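Now for the letters of each chain:
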Amino acid sequence: IIREHSTPCAMNITQPRESKSVLFCFTDMTWLAQAIFAKYSHLLDAGAITWSSFADGFPNLFINDVEAIRGRHVIFLASFQDPAHIFPQLAMIYALPRYLVSSLTLVLPYFPTGTMERIDEEGQVATAATLARMLSTVPLTSSGPVKILMYDIHALQERFYFSDQVLPIFVTAIPLFLDRLSKHHWNEEIAISFPDEGAWKRFGPKFGHKFPLICCTKIRDGDKRLVQIKEGDPRGRHVFIVDDLVQTGGTLLECKAALRAAGAIQVSAFVTHGVFPHDSWKKFASEDIANRFGVFYLTDSCPSTAAKVQGVAPFCLLSLA
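My aim in this report is to walk through the structure given alongside it, one point at a time. (Residues numbered from 1 in each chain as written. Predicted model: local features only at pLDDT ≥ 70, side-chain atom pairs only at ≥ 80, totals over all residues. Heavy atoms only, no water.)

## Description of the overall build of the protein
Logical step 1: Within the protein one finds 8 helices and 16 strands.
Logical step 2: Its C-alpha atoms give the protein a radius of gyration of 21 Å, near enough to 20 Å, the size a compact globule of 321 residues would have.
Logical step 3: Dimensions of the protein, computed from the C-alpha atoms along their principal axes, are close to 65 × 50 × 40 Å.
Logical step 4: The buried share of the protein, taken over its 321 residues, is 48%.
Logical step 5: Counting contacts in the protein only where the partners sit at least 6 residues apart, residues at least 24 apart contribute 66% of the total. (Helix = DSSP H or I, 4+ residues; strand = E, 2+ residues; numbered from the N terminus. Rg over C-alpha atoms; globule rule 2.2 N^0.38 Å. Buried < 20%, exposed > 50% of the residue type's maximum accessible area, 1.4 Å probe, protein only. Contact = heavy atoms within 4.5 Å.)

## Describing the pattern of salt bridges
Logical step 1: Overall, the coordinates contain 12 salt bridges when judged by the stated rule.
Logical step 2: For the salt bridge of R237 with E189, the shortest nitrogen-to-oxygen distance reads 3.2 Å. Remark: E189 occurs in the loop between helix 4 (174-184) and strand 10 (190-194) and R237 occurs in the loop between strand 12 (224-231) and strand 13 (238-246); sequence separation between them is 48 residues.
Logical step 3: When the shortest N-O distance is used, the salt bridge between D233 and R235 registers 2.7 Å.
Logical step 4: In this structure D233 comes out as partly exposed when scored by relative accessible area, which is 35%.
Logical step 5: Exposure remark for R235: the relative accessible area of 58% places this residue in the exposed category. (Salt bridge = Lys/Arg side-chain N within 4 Å of Asp/Glu carboxyl O.)

## Quick look at the layout of surface pockets
Logical step 1: Roughly 780 Å³ of internal volume is contained in the largest pocket.
Logical step 2: What lines the largest pocket is a set of 28 residues, and nearest its centre among them are T115, H154, D196, D243 and D244.
Logical step 3: Residue composition of the lining of the largest pocket, grouped by class: 9 nonpolar, 10 polar and 9 charged.
Logical step 4: Taken as a whole, the second largest pocket encloses approximately 370 Å³ of empty space.
Logical step 5: If you trace the second largest pocket, you find 15 residues lining it, with I36, I75, V107, Y151 and L320 closest to the centre.
Logical step 6: No other element matches the 3 residues that helix 1 (residues 30-40) contributes to the lining of the second largest pocket.
Logical step 7: In terms of residue class, the lining of the second largest pocket is made up of 14 nonpolar, 1 polar and no charged. (1 Å grid on protein atoms, 1.4 Å probe; cavity = no way out; pocket = protein on both sides within 12 Å on 5 of 7 lines; lining within 4 Å. Points joined across faces, edges and corners; volume = space filled by probe spheres on them. Nonpolar A, V, L, I, M, F, W, Y, C, P; charged D, E, K, R; others polar.)

What follows is the structure in structure tokens.
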């Protein structure tokens, strides 16, 4: 149920309003928006949207002080983690350009259908393409196409699912992780591991020659799939497993076991998107201290997950703000 909510609260402004961009957000992203304002209030005005529902459950939306966004650069911070929240946000995203904003940047940290980017047999539906088509119909602004910024989308080729009417911008959260390593793990013997060859090819170059790299792979043993180390040596090192997202976490747990068996003194993890359906994060928190991950870094791209794991060991949130 989408409750009535205006977000975020207006802030005191010391500069002319026209010199700042206007930041709107969906209710789930309020706390991330507040963190962004804490850092960039000199560059941003806070826009407010009333998110409510009619008696039949369909959205009843209202842009407060809508005249103030004409000719302004507008940013909309969205969360599509919950399918029930996609329609009201799309309605708002489609509406904003029609109020003559100068430009619109849609910040969608987690592209939720990214893992369904291809079909392996006739009858399957690549919903990544479906959602990309929906976003590709956002009207033009007075200065041109809407920019859609996404973090660590599951497959880079999904860029071609978007039409030329929008400009998809793919960025990575790896710099946040590298900064964390330099400040909190600078005195450790570190290695970076990847759960499969795809993650190794994609993220390995971002670590340059700073750390030894380890690539794991899955092999079949009858009806079972086992994780083994394909390349690299974890002996005597604190190994961080890096991937774009985690769902149930089974692969990460198998990688951890393989790395420890091969001599890693500690195993930790970094993923950009902690999806964790059905509270699957609890299996990581419930492991005994001797066997669990040293630390599990993730960003706040999935707000419902971030709210649940905040302050719960071994999780540590790195804010995209």
